[in-house]
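# Structure at a glance
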Amino acid sequence: MAGGVNRKISAASARAHTRRAKQNTSFQLPSGMLKKALALLFVGVLAWGYQATRPPPPKICGFPEGPAVTAPRIELSDGRHLAYIEHGVQNDSAKHKIVFVHGFDSCRHDTFAKYVSPELVEDLGLYIVAFDRPGYGESDPNPKHTVKSMALDIEELADQLGLGSKFYVVGFSLGGQLLWSVLKYIPHRIAGAALIAPVVNYWWTGFPANLSKDAYNQQLWNDQWALRVAHYTPWLTYWWNTQKWFPYLSAIAHSPNILSSQDKELVMLPKRQARQTYMAQVRQQGEFESIHRDIIVAFGKWEFSPLELENPFPNSEGSVHVWHGDDDLLVPVSLQRYIAQQLPWIHYHELPGAGHLFPEAEGKCDTIIKELLVGKK
C-alpha cells in the first residue's frame, strides 16, 4: 500500500514538474517594458486625437497659396478685409441704405437683393450691400470671431462705405441671428431691422426649460449631438463634423431631411440652382474658418440673451421685424413665438405653411422690405 502511494506521489511530482517546465518556457514581457509600451501607446493615441481635432490652416485670399481676390474689399481697423457686393441704386442717391447679412454656408452672392423686384428697388430708392462674413468667400477669417465682433464689423463696413449715421439691417437664418448682436451693441446706428428665419440658440437664458428642451428634441438626433458638441466642447466641432463614423450636422451635409415641402420646391427654382456657379467660393478658405467657426459662435455661450434686450426704438423712430415659417424644420417656430411674446416691441410675422427658405418665394422679399420701410403689408 505504501509502495502504491509512493508511485502516485512520483507520478504527481512528474506532472507538476512538467507544468513548471512549460510555464518557465513561456515568454513574459518584463514589467518595466510593458509600462513603457503602454505609455507609448497612450501618447500615440493622444497625438492622433490631437491631430484629428486640429483643422488645417486656412488658405487666405490674396496670399500665395490662397484664392485670388476678385471682389471689392474694405480693410478693417484690425487689418482684416471684408469683401462686399452692391445692388440697387447708387449709394449717394439712395433713400434707404441696407446692409444684408447672409446665412450659414453662404456668401455675399446669397443676398436677398436677388429676390427684390427691380420696380421696388427704383420706387423706394434702395441701396443694398451684402458682404462675406469672416472666413467666408473672400473675407479674411477672424480667429477672435465673436457675436460682438460681428456687430462691430457691420458698423465699420457701413462707415467705410459712407452709409450715414443710421442704416437698415436685414439678415437671413444664421445671419438673422447675428442681428441680435447689432441690436445689442450698435442700436444707435440702426434705422430698422428685419430678422428672417433667424437661428435660435437653445442655451439662451430666459427660455423655459421645458420649451427649449422640447424644441431641441424636435431636431434630428445627429443635429442634437452636433449642436451639443459645439456648445459644450467647441474644440471638437471640426472633428465631429468631418469624421466618417456617423452622421454629422445636416446643414453641413446638405441633407434634404431638414427641408419642408415648400423648401423642396424652392430649391429647384432657377435662382437657387444658380448657386452652383459660385458655391466653390463659400468654403474656399477652409471649412473650419467658415462653417465650423460659425456653428461654434451661433451655439456657444453668448454674453447676453436676446430675451433680455430693451427696445432700440423707444420713440417708434424705427422698427424690428421677425419673420418665420410655421413649417420650418431647421429652426423650431415655438422658440421664435416665445421671443416675440417676451419682447412686445418686436413685429412678429408667422407664415403658415412656410419653411426655412420662404424668402425665396415669389414676392416675399418685396413684402418684407415694404413692411420694414413703409409699413405696408
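Residues numbered from 1 in each chain as written. Predicted model: local features only at pLDDT ≥ 70, side-chain atom pairs only at ≥ 80, totals over all residues. Heavy atoms only, no water.

Per an unreviewed UniProt entry, the chain goes by the name Alpha/beta hydrolase fold and belongs to Trema orientale.

Here we come to the overall build of the chain. Tallying secondary structure elements over the chain gives 15 helices and eight strands in all. Relative to its full complement of 377 residues, the chain shows a buried share of 51%. When the accessible area of the chain is evaluated, it comes to approximately 18900 Å², of which 57% is carbon and sulfur surface. (Helix = DSSP H or I, 4+ residues; strand = E, 2+ residues; numbered from the N terminus. Buried < 20%, exposed > 50% of the residue type's maximum accessible area, 1.4 Å probe, protein only. Areas by Shrake-Rupley, 256 points an atom, 1.4 Å probe, with all protein chains shown as cover.)

Turning our eyes to something else, we now look at the sheet that holds strand β3 (residues 96-101). Spatial ordering of the open sheet is given by β1-β2-β4-β3-β5-β6-β7-β8, a layout of eight strands whose pairing is mixed. Of all the strands in the sheet, just β1 (73-75) and β8 (346-351) have a single pairing partner and so form its edges. Across the sheet, the axes of successive neighbouring strands diverge by a mean angle of 25°, strand direction being ignored. Where strand β5 (residues 167-172) lies against strand β6 (residues 190-196), six bridges are found, and the strand directions are parallel. Residue pairing in the sheet places Val170 in a bridge with Ala194 of β6. (Pairing = 2+ DSSP bridges. Axes fitted to C-alpha atoms, helices over the stretch in contact; angles between N-to-C directions.)

Let us now look at unusual backbone geometry. Positioned with a positive phi, His254 is a non-glycine residue whose angle comes to about 55°. Of note, Ser316 is a non-glycine position whose phi angle comes to about 60°, a positive value.

On inspection of all chains with the given rule, the structure shows 14 salt bridges. A salt bridge links Arg73 to Asp140, with the shortest nitrogen-to-oxygen separation between them at 3.5 Å. In this pair, Arg73 is assigned in strand β1 and Asp140 in the loop between β4 (126-131) and α4 (147-160), connecting sequence segments 67 residues apart. The class for Arg73 is partly exposed, based on a relative accessible area of 23%. Overall, the relative accessible area of 11% leaves Asp140 in the buried class. Of the charged contacts in the structure, one is a salt bridge between Asp78 and Arg80, with a shortest N-O distance of 2.8 Å. A relative accessible area of 49% places Asp78 in the partly exposed class. (Salt bridge = Lys/Arg side-chain N within 4 Å of Asp/Glu carboxyl O.)

For the coordinates displayed, the defined rule picks out 16 aromatic pairs. Relative to Trp245, the ring of Trp239 lies with its centre 5.9 Å away and its plane at 75°, an arrangement referred to as edge-to-face. Residue Trp239 is classed as buried on the basis of its relative accessible area of 17%. You can call Trp245 exposed: its relative accessible area is 62%. Within the aromatic cluster, the residues linked to one another by ring pairs are Tyr185, Trp204, Phe207, Trp302, Phe304 and Tyr338. The residue whose ring lies beneath Arg228 is Trp225, and the NZ or CZ to ring-centre distance is 4.6 Å. (Phe/Tyr/Trp six-rings, centres within 6.5 Å; stacked < 30°, edge-to-face > 60°. Lys NZ or Arg CZ within 6 Å of the ring centre and 35° of its normal.)

Note: strand β7 (residues 320-325) against β8, six bridges, orientation parallel. If you follow Gly325 over to β8, its bridge partner there is Leu351. Handedness of the β7-helix α14 (residues 333-342)-β8 crossover: right-handed. (Right-handed = clockwise from strand over helix to strand, strands pointing away.)

Attention now goes to the nonpolar core. Formed by 105 residues in total, the largest nonpolar core has its most connected members in Val99, Phe112, Phe131, Ile154, Val169, Trp180 and Ile369. Once you skip the residues sitting within four places of it in the chain, Ile369 turns out to touch Ile98, Phe112, Val116, Leu120, Leu124, Leu126 and Val374. (Core = buried A, V, L, I, M, F, W, Y, C linked by side-chain atoms within 4.5 Å. Contact = heavy atoms within 4.5 Å.)

Moving on, we come to helix α13 (residues 288-299). With twelve of twelve residues buried, α13 is to be regarded as a mostly interior element. Those residues of α13 that fall on the buried side of the exposure criterion are Phe288, Glu289, Ser290, Ile291, His292, Arg293, Asp294, Ile295, Ile296, Val297, Ala298 and Phe299. On its buried face, α13 sits against α4, α5 (174-185), α7 (221-232), α8 (237-240), α9 (250-253) and α12 (279-282).

Turning to the environment of Val121, a few remarks are in order. Structurally, Val121 can be placed in helix α3 (residues 118-124). Measuring from C-alpha to C-alpha, the distance between Val121 and Ala94 comes to 9.7 Å, with 27 residues separating the pair along the chain. Those residues in contact with Val121, other than ones at most four positions away along the chain, are Gly88, Val89, Val116 and Leu126.

Looking now at the pairing of β6. The buried fraction of β6 amounts to seven of the seven residues, a majority that puts the element mostly inside the structure. After leaving β5, the chain enters α5 and then returns to the sheet as β6, a path that is right-handed. Of the pairings in the sheet, the one linking β6 to β7 comprises four bridges and is parallel in character. Opposite Ala194, over in β7, you have His321 as the bridge partner.

The N-to-C vectors of helix α6 (residues 209-217) and α14 enclose an angle of 150°; their axes lie 9 Å apart at closest approach. In terms of their interaxial angle, α6 and α14 are classed as roughly antiparallel. The segment α6 lies against α14, with Leu211, Ser212 and Ala215 engaging Ser334, Leu335 and Tyr338. Across the contact of α6 with α14, the residue classes tally to four nonpolar, two polar and no charged. (Parallel < 35°, antiparallel > 145°, perpendicular 65-115°, else oblique. Nonpolar A, V, L, I, M, F, W, Y, C, P; charged D, E, K, R; others polar.)

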